[in-house]
Amino acid sequence: PLRRDIVDEFIYQYQTFCQFRSRVKSRSNEELHMLKESPQVWAVSKVLHYLQAVVDKSGIKACLRGDDAGSQAAFAASPLYKMLGYFSMVGLLRMHCLLADYRLALRCVAEIDLGRKGPEPHGLYTRVTACHITVFYYVGWAYLMLRRYSDAITTFSTILFYIARTKQYHTRSYQYDQIIKKNEQMYALLAIASSLSPQRELDESLALTLREKYGDRLGRMQGGDATAYEELFSMACPKFISPAPPPYDSLPEGYNPTEAYRLQLRLFLHEVAQQKALPGIRSYLKLYTTVGVPKLATLAETDDAAFREHLQCLKH
C-alpha cells in the first residue's frame, strides 16, 4: 500500500497544482509572478517522464510478459522497485485519463491481464483495494469515452460485483469513503454505458440496483434527454486537467478554469447526439420481422443514406 500511496500522492500533488494555477482570477499578483517565472514547475512532461522512468527501470513490463532476461535486471529483482514500477503503470493510466488521451491510457496497462486474479505478477493490483478499484474505474472510463460500450459494461460490472462482495470488510479502512464514492461513480457510468448500448443484458442484481439509483435518469436517457447524460457525466467523470498553463497576462474573454472538463463534456454530448435516433430504430427492428430500408427511413423521418449510417452505427 505504501508504494501505491507514493505514486498516488505524486499525481494528486500535480493535479492540485494544475487546479491552483488555472484559477488565475483568484491569485494574487505575487502568486501570478511566481507562476510566470517558473513554467518548469510541475511540467506535465516531467511528471510523465518520472512515472515512465520508474516503469522502465523496474523491468515490470518484462516480468508481465514473462521475459526472463528482462525480469532478471537488478531493479526488477527487488520487490520494492518491481511493485513501484507496477503502480507507476497504474499512475500513467490515471494521468492519461486526466489528460483525455484514452488510447494511450489503455496502452499503459496493456500488459496487465485484468482477468487474472493471481497475486504474481498480473494481479498485484488486487493486493491494494484502492488500486484495484482505480484500475477498473479508469479502464472502464477510457472504454466509455472510446465508444467501446460493451467493454465498459463488462469492466464496471466486474468491479461492482467485487465491491458488493467485499464492502463489509472495508468499513474500518481509511479508504472506505473513497471506495464508496468510486462505487457510486461507477454505477453512474454503468447507467450511461447501458443506455448507449442496451442490447447487452445486465446481471439482474446490477440492473435492479441501477433502477433503484437512477431509474428516472435511465428513462430520460433512453428517451434521448441530454441533460440526464450530463448530470451523470458530471457526477462520475475524473477531475480533468489542462497540461498547459493559462496565459496569465492576457486571459481570453470568457476564460473558465474548468475548460478541460467542459471540453470533454461537449465531446461526450456530441457523441450522445449522434446516437439519438438509435433507440427508435432499435424499437422498429424489434417490431418488424422483415422490413425494407425505405420504409424504416420514412418511419425514422430521414432519408435512406442517413438511415443506413444509423444502421451501421447500431450494428457497430
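If you're wondering where the values come from, they're calculated on a predicted model, not measured in any experiment. Counting restarts for each chain, with residues numbered from 1 along the sequence as it is written. Local features in this predicted model are restricted to residues of pLDDT 70 or higher, and side-chain atom pairs are both shown and tallied only at a pLDDT of 80 or more, whereas totals for entire chains, interfaces and linings draw on every residue. Only hydrogens and water are set aside; all other atoms, that is, all heavy atoms of the structure, feed into the side-chain values.

## Some remarks on the overall build of the protein
Alright, step 1. Assigned secondary structure in the protein consists of 16 helices and zero strands.
Alright, step 2. Counting only C-alpha atoms, the protein reaches 65 × 55 × 40 Å along its principal axes.
Alright, step 3. In what follows, a contact means two residues having at least one pair of non-hydrogen atoms within 4.5 Å. For the protein, long-range pairs separated by at least 24 residues make up 67% of all intrachain contacts whose partners lie at least 6 apart in sequence.
Alright, step 4. Per-residue and other accessible areas were derived by the Shrake-Rupley procedure at a 1.4 Å probe size, with only the shown protein chains allowed to occlude residues. Of the roughly 16,800 Å² that the protein leaves accessible, carbon and sulfur atoms contribute 53%. Under the DSSP-based scheme used, a helix requires at least four consecutive residues in state H or I and a strand at least two consecutive residues in state E, with every element numbered from the N terminus.

## Regarding the packing of aromatic side chains
Alright, step 1. Any Phe, Tyr or Trp ring, taking Trp's six-membered ring, that has another such ring centre within 6.5 Å forms a pair; planes under 30 degrees apart are called stacked, those over 60 apart edge-to-face, and the others tilted. Counting across every chain of the model gives eleven aromatic pairs.
Alright, step 2. Centroid distance Tyr 86 to Phe 87: 5.9 Å. Interplanar angle 90°. Geometry classified as edge-to-face. Both residues of the pair, Tyr 86 and Phe 87, count as buried.
Alright, step 3. Where Trp 141 meets Phe 240, the ring centres are 6.0 Å apart and the plane angle is 45°; that geometry is what we call tilted. With a gap of 99 residues between them, Trp 141 in helix α8 (residues 129-145) and Phe 240 in the loop between α12 (226-236) and α13 (259-274) connect regions that are remote in the sequence.
Alright, step 4. Members of the aromatic cluster, joined through ring pairs, are Trp 141, Tyr 229, Phe 233, Phe 240, Tyr 261 and Phe 268.
Alright, step 5. We note Lys 182 situated over the ring of Tyr 137; from NZ or CZ to the ring centre the distance is 4.6 Å. The cut-offs for exposure are 20% and 50% of the maximum accessible area for each residue type, with area from a 1.4 Å probe on protein chains only; residues under the lower value are buried, those over the upper are exposed, and the others partly exposed. Charge-over-ring placement is defined geometrically: NZ (Lys) or CZ (Arg) within 6 Å of the ring centre, and within 35 degrees of the ring normal.

## Structural notes on helix α3 (residues 44-58)
Alright, step 1. Helix span is expected to be 1.5 Å times the residue number reduced by one. With 15 residues, α3 should cover 21 Å at 1.5 Å per step; its first-to-last C-alpha distance of 21 Å lies within 8% of that length.
Alright, step 2. The complete set of buried residues in α3 reads Val 44, Val 47, Leu 51, Val 55 and Ser 58. Angularly, the buried residues of α3 cover 90° about the axis, an arc narrow enough to put them on a single face. The exposed residues of α3 that point more than 90 degrees off its buried face are Ser 45, Asp 56 and Lys 57.
Alright, step 3. Immediately beyond the C-terminal end of α3, within one or two residues, lies Gly 59, with a positive phi of roughly 70°. What the arc measures is the spread of directions leading from the helix axis to the C-beta atoms.

## Concerning the environment of Ile 241
Alright, step 1. Its place among the elements puts Ile 241 in the loop between α12 and α13.
Alright, step 2. Given a relative accessible area of 5%, Ile 241 falls into the buried group.
Alright, step 3. With 19 residues separating them along the chain, Ile 241 and Ala 260 place their C-alpha atoms 5.9 Å apart.

## Some thoughts on unusual backbone geometry
Alright, step 1. The backbone of Ala 100 shows a phi angle near 70°, a positive value even though the residue is not glycine.
Alright, step 2. Along the chain, Ala 100 turns up in the loop between α6 (79-98) and α7 (102-108).
Alright, step 3. According to the relative accessible area criterion, Ala 100 is partly exposed, its value standing at 25%.
Alright, step 4. Although it is not a glycine, Glu 301 adopts a positive phi angle of roughly 55°.
Alright, step 5. Secondary-structure assignment places Glu 301 in the loop between α15 (293-299) and α16 (304-315).

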